[in-house]
Structures are given as C-alpha cells and as structure tokens.
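Each chain is listed here by its residues.
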Amino acid sequence: MPILPVATIAVTILLILVGGYRTGALPIGQRIGFWAILMTINAIKWQVWFLVMVRRPRDWLRALLIGVPLLTLTLPIEITAVLALIGIDARIGALGVWMTGLAMGAVILIIIALLRPRDRAVPAAATAGAAAAAGPTAIPLTALLTRAGIAQAADLVAIVAEDHYCRLHLAGGGSILLHHRFGDAVAEIAAIDGLQIHRGAWVAGHAVIGAVRDGRRWRVAVCTGLQLPVSARFTTAARARGWLRPPILGGVLPAH
C-alpha cells in the first residue's frame, strides 16, 4: 500500500513545520527527530495491521474502525520512549495522548481513505456488450483485471500467489503484483478459461503450450516461457485438459 508511507511523510513534514501538538518549543533538530521516529513507528504498525486485516475491499472499513482505537493504546509508551531517545525526560499523561492519537489517526486515515485505490466493478451489461462485439471467443473482463489495469482478459497468462499478494503474469512477459488473496482471485476469474494447477498457481487455457517433466511431477509451460508446478491434487484435471504433454514449439495447444 504505497499510499500509507506517502501520507505518513506528508503528515510528518506538516507537523515538523507547524510544531504540531505543542512541539514548536523544541529545537528544530529534536523536533525533526521526534516526529520522524514517532511517525515511522506508527506507519510500520499500520502497514502490518493492514497486511493482516485487509484481504478484499470490504475489509477496509472494519480494519480502520478497529485499528484507530487499538493501535492508539501504545502511543503513551511510544512517545515517552521517543522523547527519551532525543534526550528529553518527560512524563506523558496517557489520557491526553490517547485523545491526541485518536485525532491524529483520524486525520491520517481520512487521507488514506480518500487516496487508496478501489476495486471498480465492471457493469455486466458493458461486459456482455464488449464480448458480443468481439465475437464468440471474447473473454469477459473482471474487477480484478480492471484493478490491475489489464485491458483485456486475453493478456492474462497466469496468477501466482506470493504471501498475501498475487502476481499476475501477462502475455507480453511482464507481471503485476497486487495485494489480494489467491483464493479470491481465482473465484473472481471463474468466467475465464483456465485451471488451478497448484494451491498457489492458476494458468489461462489459451496460454498453455504443453508441460515438462520435473522428476515424478509435471510443470505446465506457458507461451511466455514461464513454467509452473502441477501438484498431485490437480494432475488429473490438467491431464484431462490435454496439458500434460511436451510443448508444441512455436504453437499453442488447443483449448479443451
């Protein structure tokens, strides 16, 4: 989520310049150190919180409403520690800090809520119209592909899970990394011809050119040169599609 560090840097600079929350009396060096360290700590907290809590767009509201009061609880400890780090020994009243923290959190989260990317649903009528105009082999767009900026579903070659992210491999050889749960991604592209071949890998039917042996197992080869493992659970389905055969050089296997 690149918006979070951007918002954090912007708010940090603003608080340093205006001496926010009565820090204007501090020498400029200590003021910079105080806000830079404190805001960095909180940015890391929020980044981890979002990674744990957010899996799909509807998770944002719950993550924000729970996170603001919960992550503010540690602010008195953080402020006391940062003040000590920059050479100031001070006792911090927890209640005032919590109220201030809630206000700060609200400001930052409003910025994040306004700037964060959103999934945009593709109207069914528009999708159907585009498919009809393109012909019977047209593949419908999905909200996932729209969010990734992929113009047509035929450009999608494979989806591979990477921790809490999905990497979308493209026909041109590039890839796009999205913060998205793999199971949700596969469900969203159910209308696209393809097959899940591993617990963390899905391939598009039009991109498969064959397979290669990897010991006693198989790896599916796609048109970009990418090879993805086929787990035992999905071997039967991949074989039924006719994929588990040597690649056809310079060509693409017919879809089944």
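Residues numbered from 1 in each chain as written. Predicted model: local features only at pLDDT ≥ 70, side-chain atom pairs only at ≥ 80, totals over all residues. Heavy atoms only, no water.

Trainee: Help me understand the pairing of strand β4 (residues 194-198), please; the structure alone is not making it clear to me.
Mentor: In the case of a regular strand, side chains alternate between the two sheet surfaces. Bridge count between β4 and strand β5 (residues 201-204): four bridges; the pairing is antiparallel. Bridge pairing in β5 links Leu 195 to Val 203. Hairpin remark: β4 followed by β5, antiparallel, with two residues in the connecting loop. (Pairing = 2+ DSSP bridges. Helix = DSSP H or I, 4+ residues; strand = E, 2+ residues; numbered from the N terminus.)

Trainee: Would you explain the nonpolar core in this entry?
Mentor: Generally speaking, nonpolar side chains in soluble globular proteins are found buried as a group. Among the nonpolar cores identified, the biggest contains 35 residues, and Ile 159, Leu 168, Ile 197, Trp 202, Val 203, Val 220 and Trp 243 are the most heavily contacted of them. Looking at which element gives the most residues to this core, the answer is strand β1 (residues 156-162), with five residues. Excluding anything up to four places from it in sequence, Leu 168 contacts Leu 145, Ala 148, Ile 150, Leu 156, Ala 158, Ile 159, Gly 174, Ser 175, Ile 176 and Leu 178. One finds Val 11, Ile 16, Val 82 and Leu 83 within the second-largest nonpolar core, a separate group that totals twelve residues. (Core = buried A, V, L, I, M, F, W, Y, C linked by side-chain atoms within 4.5 Å. Buried < 20%, exposed > 50% of the residue type's maximum accessible area, 1.4 Å probe, protein only. Contact = heavy atoms within 4.5 Å.)

Trainee: Just to check I follow, could you spell out the pattern of salt bridges for this structure?
Mentor: Under the definition given, this model contains four salt bridges. Between Lys 45 and Glu 78 there is a salt bridge; the shortest N-O distance is 2.7 Å. Of this pair, Lys 45 sits in helix α2 (residues 28-53) while Glu 78 sits in helix α4 (residues 75-85), and the two are 33 residues apart along the sequence. The burial state of Lys 45 is the same as that of Glu 78; both residues are buried. The shortest N-O distance in the salt bridge between Arg 241 and Asp 193 comes to 3.0 Å. Of this pair, Arg 241 sits in the segment after α9 (232-240) while Asp 193 sits in the loop between α8 (182-188) and β4, and the two are 48 residues apart along the sequence. On the basis of relative accessible area, Arg 241 is assigned to the buried category, the value being 12%. (Salt bridge = Lys/Arg side-chain N within 4 Å of Asp/Glu carboxyl O.)

Trainee: Sorry, what's going on with the side chain of Thr 235 here?
Mentor: Looking at where Thr 235 falls in the secondary structure, it is placed in helix α9. Take Thr 235: its relative accessible area is 16%, and that puts it in the buried class. Apart from the residues within four sequence positions on either side, Thr 235 is in contact with Val 230 and Leu 244.

Trainee: Would you mind going over unusual backbone geometry with me for this structure?
Mentor: Negative phi characterises most residues that are not glycine, and trans characterises most peptide bonds. The phi dihedral of Asp 163 falls on the positive side, at around 55 degrees, and the residue is not glycine. Here Asp 163 lies in the loop between β1 and β2 (165-170). Residue Asp 163 is classed as exposed on the basis of its relative accessible area of 78%.

Trainee: Is there a simple way to think about the sheet that holds strand β7 (residues 217-222) in this case?
Mentor: Each strand in a sheet pairs with another by means of backbone hydrogen bonds, the pair being arranged parallel or else antiparallel. Pairing is antiparallel across the open sheet formed by three strands, whose spatial order is β6-β7-β8. Both edges of this open sheet fall to β6 (208-214) and β8 (227-230), since each of them pairs with a single strand only. Each strand of the sheet is rotated relative to its neighbour by a mean of 30 degrees, with strand direction disregarded. The sheet contact formed by β6 and β7 spans six bridges and is antiparallel. Within β7, the residue paired with Val 208 across the bridge is Val 222. Contacts from α9 reach β7 and β8 within the one sheet, and its direction differs from that of β8 by about 110 degrees. (Axes fitted to C-alpha atoms, helices over the stretch in contact; angles between N-to-C directions.)

Trainee: How should I be thinking about the sheet that holds strand β3 (residues 175-179) in this particular structure?
Mentor: Spatially, the five strands line up as an open sheet ordered β3-β2-β1-β5-β4, and their pairing is antiparallel. Strand pairing shows two members of the sheet lacking a second neighbour, β3 and β4, which therefore form its edges. Across the sheet, the axes of successive neighbouring strands diverge by a mean angle of 20 degrees, strand direction being ignored.

Trainee: So what exactly am I meant to see when it comes to a nonpolar patch on the surface here?
Mentor: A cluster of nonpolar side chains, namely Ile 66, Leu 70, Leu 73, Leu 95, Trp 98, Met 99 and Leu 102, defines an oily patch on the protein surface of about 650 Å² accessible area. Taken together, the elements giving at least two residues each to the nonpolar patch come down to α3 (59-72) and α5 (94-115). At four residues, the largest contribution of residues to the nonpolar patch is made by α5. Its location among the elements puts Leu 70 in helix α3. (Patch = residues over 30% accessible without salt bridge, like charges linked within 9 Å, V, L, I, M, F, W, Y side chains within 5 Å. Areas by Shrake-Rupley, 256 points an atom, 1.4 Å probe, with all protein chains shown as cover.)

Trainee: What should I look at first to understand the environment of Gly 225 in this one?
Mentor: One can find Gly 225 in the loop between β7 and β8. Counting along the chain gives 17 residues from Gly 225 to Val 208, while the straight-line C-alpha distance between them is 9.9 Å.

Trainee: In this structure, what is going on with the confidence of the model for the protein? I would like to understand it.
Mentor: Should the pLDDT be low somewhere, the predicted coordinates at that spot are not to be read in detail. Looking at the protein as a whole, its pLDDT mean stands at 78, while 76% of the residues score no less than 70. Averaged over each element, pLDDT in the protein is lowest for helix α6 (residues 124-134) (41) and highest for β5 (94). Of the regions scoring below 50 in pLDDT, residues 248-256 engages in 17 contacts with residues more than four places distant in sequence or in other chains. (pLDDT = per-residue confidence, 0-100.)

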